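Structural overview for review
The chain contents come next:
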Amino acid sequence: MKLFGTSKINEKGNLSIGGVDALELVKEFNTPLYVMDQELIETTIDKMKHAFHSTRFKTRIAYAGKAFLTTGMIKLIESKGLDLDVVSGGELYTAYKAGFPMKRVHLHGNNKLINEIEMAVEYGIDTIVVDNEDEISKIEKVCLEKGKKQAVLLRIDPGIEAHTHHYIKTSGLTSKFGISLFQENLIDIVKRLNDSPYIDFKGFHTHIGSQIFQSKFFIFALEEIFKYLDKLKKELGIIVHTVNMGGGFGVYYKEGDDPKPIEDVLSEIITYTEAMEIKYQIGFKELCIEPGRSIVGNAGTTLYEVGGIKETVGGKTYVFIDGGMSDNIRTALYQAEYEACVVNNPNDTDTREITLAGKLCESGDIIINKGKLPKSTKIGDIVAVGTTGAYCYTMSSHYNRMVTPAVVFVKDGKAKVAVRRENYEDLIKNDEIFEL
Ligand SMILES: Cc1ncc(COP(=O)(O)O)c(C=O)c1O
Ligand SMILES: N[C@@H](CCCC[NH3+])C(=O)O
């Protein structure tokens, strides 16, 4: 398993993360356990901030909370000076309760509920990213009622087909997100936003998908947007303040993945935008991005205990773990691939092909298909699965009434609980006993 950040093999030959032996983490916090390498998150953010910088325009990085969000994570994001992208009332409320500055919050969603728009306007968040025409009337109505004006970006779909899994593409002519750049009445929508007394139209947003390795797709998207900004300025005299490029920067999951260092991708985007700005002279002032996975993905490791090993007559070897698709649905949903190791034997090269399977009542409850673990792997061993920092905790479920694992942050030899492990009482706390 490729190790990132502070993960290493310690003097006892065990995997350690943030200076804490993974076996000690298991003793204290049990399994399954999500472990987040705090230092790696912090250094990744620092690298991004350093690379995503221009002397020609302002830059902002908003962390996409959907990747991994807890109150502690929000505090970390705040301390690092990033903005926050939220996509529901629940995420917005978490940010509000965590004391995150609302002037650094951006709200997304293709079907924002009236009460979510009301919360956003009331809290005084920075930007609502308008996803479709119906939403404009909703925002205007809320602003009229509250006597406020709301800054918005319009999410456009530049029709760029990035090479990533079909389910995590968000651009293309049939996408559920945003308004196509090729939609005939786009210009009328822009005019409507620009003329609305309740709306401060700031510019455009786009997000072409997730886990994208080739930076050329971001460049293609930027090119389409800048061409459109030029047209807007020439035809309507509208000068756009902000362009938000979304997130989507790919990370390493398994052998063969070769993402460009994030700082190189971001520098490329800056260089290209500076060139576009010089070429078109459209007077825009601010470039934003919204990375999620590239901030937390490699920083997460999930620890499980092996409960059984089964050799099938068909020649497949299953290693059963005490979690599964309830804590990581990505393999079932996107055919995601991961690497794993046995925590007290991470470098053993005498391996065999295994299927790392969960304990849920579903044949597709697999974390790793065709993985490798030592032949010596046995019941009671602790298995670590790498790069589970993004979209695992946040996509966890209670299927089969599984409890959500604890999340711990590790740094400088200390582990801190970010989310306590659920217990069976938590599972029934909202159930009502009604008369039959
Ligand atoms: C609008 C928007 N912004 C940002 C992100 C974050 O993407 P990623 O985690 O791939 O950086 C997403 C998720 O794909 C998204 O839909
Ligand atoms: N949840 C997806 C990516 C995020 C999609 C959000 N637009 C994944 O795990 O890869």
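Predicted model, so just to flag it, every value in this text is computed and none were measured. In this numbering scheme, every chain counts its residues from 1 along its sequence in written order. To label them, take the chains in the order written and letter them from A, then take the ligands in the order written and number them from 1. Residue-level local features of this predicted model are given only where pLDDT is at least 70; pairs of side-chain atoms are given and counted only at 80 or more, and the full residue set underlies all totals for whole chains, interfaces and linings. Only heavy atoms go into the side-chain values, all of them from the structure, while hydrogens and water stay out.

1. Some details on the pattern of salt bridges
For this analysis, a salt bridge means a side-chain nitrogen from Lys or Arg found within 4 Å of a carboxyl oxygen belonging to Asp or Glu. Across all of its chains, the model carries 25 salt bridges by this definition. We note a salt bridge from Asp 46 to Lys 80, for which the minimum N-O separation is 2.9 Å. In this pair, Asp 46 is assigned in helix H2 (residues 38–51) and Lys 80 in the loop between helix H3 (71–79) and strand E6 (83–86), connecting sequence segments 34 residues apart. Classification of Lys 80 by relative accessible area gives buried; the value is 17%. Notably, a salt bridge pairs Glu 145 with Lys 141, separated by 3.3 Å at the nearest N-O pair. Taken together, the positions of Glu 145 and Lys 141, both in helix H6 (residues 133–146) and four residues apart, correspond to about one turn of that helix. Classification of residues uses two cut-offs on accessible area relative to the type maximum, computed with a 1.4 Å probe and protein chains only: under 20% is buried, over 50% is exposed, and between them is partly exposed. Owing to a relative accessible area of 52%, Glu 145 belongs among the exposed residues under this scheme. For Lys 141, a relative accessible area of 46% gives the class partly exposed. Helical segments are the DSSP runs of H or I of at least four residues, strand segments are the runs of E of at least two, and each set is numbered from the N terminus.

2. Description of the packing of helix H5 (residues 114–123) against H6
Helix axes are fitted only over the stretch in contact, all axes being lines through C-alpha atoms; the angle between N-to-C directions runs from 0 to 180 degrees. One can describe the packing of H5 onto H6 by two numbers: an axis separation of 10 Å at closest approach and a directional angle of 50°. Taken together, the axes of H5 and H6 are oblique relative to one another. Considering only the axes of H5 and H6, their crossing is right-handed. Where H5 approaches H6, its residues Ile 114, Ile 117, Glu 118, Val 121 and Glu 122 are matched on the opposing element by Glu 135, Lys 138, Ile 139, Val 142, Cys 143, Glu 145 and Lys 146. Only Asp, Glu, Lys and Arg are considered charged in this grouping, and only Ala, Val, Leu, Ile, Met, Phe, Trp, Tyr, Cys and Pro are considered nonpolar; every other residue, Gly among them, is considered polar. When the residues that make up the contact of H5 with H6 are grouped by side-chain class, the tally is six nonpolar, no polar and six charged. Note that the term roughly parallel is reserved for angles under 35 degrees, roughly antiparallel for angles over 145, roughly perpendicular for angles of 65 to 115, and oblique for everything else. Note on convention: near helix rotated counterclockwise from far helix by under a right angle means a left-handed crossing. Clockwise means right-handed. Whether two residues are in contact is decided by their heavy atoms: any pair within 4.5 Å suffices.

3. A look at the UniProt feature "active site" (unreviewed entry) in the chain
UniProt positions are given in the numbering used here, feature names are shortened, and annotations may be inferred rather than shown by experiment. If you check UniProt for "active site" (unreviewed entry), the listed places come out as Cys 361 in our numbering. Mapping Cys 361 onto the fold places it in the loop between strand E17 (351–357) and strand E18 (366–374). Among all residues touching Cys 361, those that are not within four sequence positions of it are Tyr 399 and Asn 400.

4. Brief notes about the state of the cysteines
Disulfides are defined as cysteine sulfur pairs within 2.5 Å. Counting across every chain of the model gives zero disulfides. Free of any disulfide, Cys 288 has its nearest neighbouring cysteine sulfur in Cys 143, separated by 20 Å.

5. Let's talk about the pairing of strand E19 (residues 382–386)
Here E19 lies mainly inside the structure; five of its five residues are buried. Where burial is concerned, the two faces of E19 agree: the one with Ile 382, Ala 384 and Gly 386 and the one with Val 383 and Val 385 are both buried. A pair of strands is treated as paired once DSSP finds two or more bridges between them. Two elements, strand E14 (residues 300–311) and E19, share five bridges in a ladder whose sense is antiparallel. Of the residues in E19, the one forming a bridge with Thr 301 is Gly 386. Bridge count between strand E16 (residues 340–342) and E19: three bridges; the pairing is antiparallel. In the sheet register, Val 342 faces E19, and the bridge partner there is Val 383.

6. Observations regarding the nonpolar core
Tyr 63 and Leu 154 are the most contacted members of the largest nonpolar core, which totals 112 residues. Residue contributions to this core peak at ten residues, all from helix H8 (residues 216–236). In contact with Leu 154, not counting residues within four places along its chain, are Val 130, Ile 179, Leu 186, Ile 189, Val 190, Leu 193, Phe 201, Gly 203, Phe 204 and His 205. Core analysis: the next-biggest nonpolar cluster, separate from the first, contains 17 residues, Leu 15, Val 20, Cys 341 and Val 408 among them. Joining through side-chain atoms within 4.5 Å is the link that ties buried Ala, Val, Leu, Ile, Met, Phe, Trp, Tyr and Cys residues into a set, and such a set is a nonpolar core.

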